[in-house]
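Listed here are the chains, written in short residue letters.
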Amino acid sequence: MSAARRLLQALALLAALAGASPVRAQIEERGPRSDGPIESTLRNALPDGGDPFGVVRRLSDRGVEFRLSYITDLLGNIQGGRRQGWINQGLFEPSLRIDFERLAGLPGLTAYVNAFFIHNTGRIRRDYVGGVNTIAAIEAMPRIRLSEAWLEQSLAGGMVRLRAGQLAADVEFLFSDLSVMFLQSDFPTIAALNLPGGGPAFPLATPGAMIQVEPSSRFNFRAAIFNGDTGVPRRGVDDQVRNRYNTNFRLRDPALLFAEARLQRNQEPEATGLARILRLGGWAHLGRFEDFRLAADGSLLADPASVGTPLRRRGTGGLYAVLDQQLWRPAGGDALSGLSVFGRVSVAPSDRSTIGFYADGGMVFANLVPGRPNDRFGFSMIHARFSDAVRRFDRDLARFDPDAPPRRTAETNLELTYLAEIMPGFDLQPVVAHIWNPSETRSGRNALVMGLRARVLY
């Protein structure tokens, strides 16, 4: 089945779900890399709002708002994968937002900056499981890094937003609001593996500009241009090494373009219908990419008699659709209560892409435990299928080399999790994940991961 046909079938399924009933979308904290409001923090639980000297209040009155977030994961690969063992990883993220209208009388102008302080004793996906799909979204090389830093101008009463600076694509594009409660929610594998350096996504960002037009509460459109590489291109060197502190600020690489239309209903706080957000979008990179099966002379790369240099192709891209859908809302419940599902599908050109087809989705149960209105639990799945070119290259290699490693096909993750609010601003989240066919091990050893996440917001 062609990639285009798979996407059309997936779009049809999403459209059918979207049309099932009137709906309303859930709004959740986006975890790391978010400039959104904080609805549950330690400031709601500590004496004097966690601000005994009034510093936070005085800054906020002048349009200067900050937040502090810390996430730590204790995760263990207890079966299969590359090797067994436990790791601890953590992410401290300070962020600052300035409203220049309140601070200096400049209407509609805001600024935002955040940074990452990353530590770990190992990387559960890379070092222990050996897969390509995300297991815990804060996995990264230990480092202090700048993340985003931008200015935004709002025009026409907020209908138009213009943003420029250092931007992260995963905050605004290819994103599901409902998926963020899961540890494996991240920039999708199909974009992370197919774009140079993983694309402008956690823990890296690149210079860029974005425009959003929102003519009504039910529809908005956004488009962005990014520098297309996160660091100085060097074969075999990790992008997080090439751009150690995320301060390369490169401007001359081929561009990466994103565009997304968002259709939504019942987003207002007073709405009583079910929640829905449908996103349709795509990306295009204008650089050159290597063919995964063919050599520059048209022969097979796996053939020892070929020139050994991959055929170069101009540009790559992808299409995607994302649906967040609330299925049941109890009487008197808010947008975060009841039962909701999400789904995301994406396709990319086979000949120059590592991943040709990607799908993820899951189900979230919220505010269903008596006396615990902010608890949530659910499951999510990820399926990433290697492109036709990659699978055919492996087949070619097996024909020329009897000792070739096993062929790559697809990798699938399942996550089960429960997020429990211990107090406002402090959550604990046990998790179990199973990974079928972790592909970087090339051994077919399925892996089982267990662990606990703790999160503090101030």
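Participant: Help me understand the overall build of the protein chain in this model?
Facilitator: A count of helical and extended segments in the protein chain gives eight helices and 16 strands. Scored against the burial criterion, the 458 residues of the protein chain give a buried share of 54%. When the accessible area of the protein chain is evaluated, it comes to approximately 19,500 Å², of which 61% is carbon and sulfur surface.

Participant: Explain a nonpolar patch on the surface here, please?
Facilitator: A surface patch of nonpolar side chains, about 850 Å² in accessible area, is lined by Leu74, Ile78, Trp86, Phe379, Met381, Leu416, Val432, Trp436, Met450 and Leu452. Secondary structure elements with two or more residues in the nonpolar patch: strand 1 (64–79), strand 13 (376–386), strand 15 (426–436) and strand 16 (447–457). Among the structural elements, Ile78 can be located in strand 1. Take Ile78: its relative accessible area is 38%, and that puts it in the partly exposed class.

Participant: Quick question: what am I supposed to make of the nonpolar core here?
Facilitator: Across soluble globular proteins, nonpolar side chains show a tendency to be buried alongside one another. Core analysis: the largest hydrophobic core is formed by 27 residues, its most contacted members being Phe173, Leu174, Phe187, Phe226, Phe258, Trp283 and Tyr320. For this core, the secondary-structure elements that each account for two or more residues are helix 6 (189–194), strand 7 (219–227), strand 8 (255–265), strand 10 (310–328), strand 12 (355–366) and strand 13. Looking at this core element by element, the count peaks at three residues for strand 13. Among all residues touching Phe173, those that are not within four sequence positions of it are Met210, Arg222, Ala223, Ala224, Phe226, Phe258, Ala259, Glu260 and Tyr320. Grouped together as the second largest cluster of nonpolar side chains are 13 residues, Leu75, Ile87, Val431 and Ile435 included.

Participant: When you look at the confidence of the model for the protein chain in this model, what are you seeing that I'm missing?
Facilitator: Detailed reading of the predicted model is not advised wherever pLDDT is low. Per-residue pLDDT for the protein chain has a mean of 87; in total, 89% of the residues score no lower than 70. When the criterion is pLDDT under 50, residues 3–38 qualifies, and its contacts beyond four places in sequence or with other chains add up to 110 contacts.

Participant: How should I be thinking about the packing of aromatic side chains in this particular structure?
Facilitator: For any pair of aromatic rings, geometry is given as the distance between the ring centres together with the angle between the planes. For the structure on display, the rule yields eleven aromatic pairs. Between Phe116 and Phe202, the ring centres sit 5.0 Å apart and the planes meet at 70°, which makes this aromatic pair edge-to-face. Of this pair, Phe116 sits in strand 3 (residues 109–120) while Phe202 sits in the loop between helix 6 and strand 6 (206–216); the two residues are 86 residues apart in sequence, bridging distant segments of the chain. On the basis of relative accessible area, Phe202 is assigned to the buried category, the value being 10%. Put simply, the rings of Phe173, Phe187, Phe226, Phe258 and Trp283 touch in pairs and so form one group of aromatic residues.

Parameters and conventions
Residues numbered from 1 in each chain as written. Predicted model: local features only at pLDDT ≥ 70, side-chain atom pairs only at ≥ 80, totals over all residues. Heavy atoms only, no water. Helix = DSSP H or I, 4+ residues; strand = E, 2+ residues; numbered from the N terminus. Buried < 20%, exposed > 50% of the residue type's maximum accessible area, 1.4 Å probe, protein only. Areas by Shrake-Rupley, 256 points an atom, 1.4 Å probe, with all protein chains shown as cover. Patch = residues over 30% accessible without salt bridge, like charges linked within 9 Å, V, L, I, M, F, W, Y side chains within 5 Å. Salt bridge = Lys/Arg side-chain N within 4 Å of Asp/Glu carboxyl O. Core = buried A, V, L, I, M, F, W, Y, C linked by side-chain atoms within 4.5 Å. Contact = heavy atoms within 4.5 Å. pLDDT = per-residue confidence, 0-100. Phe/Tyr/Trp six-rings, centres within 6.5 Å; stacked < 30°, edge-to-face > 60°.

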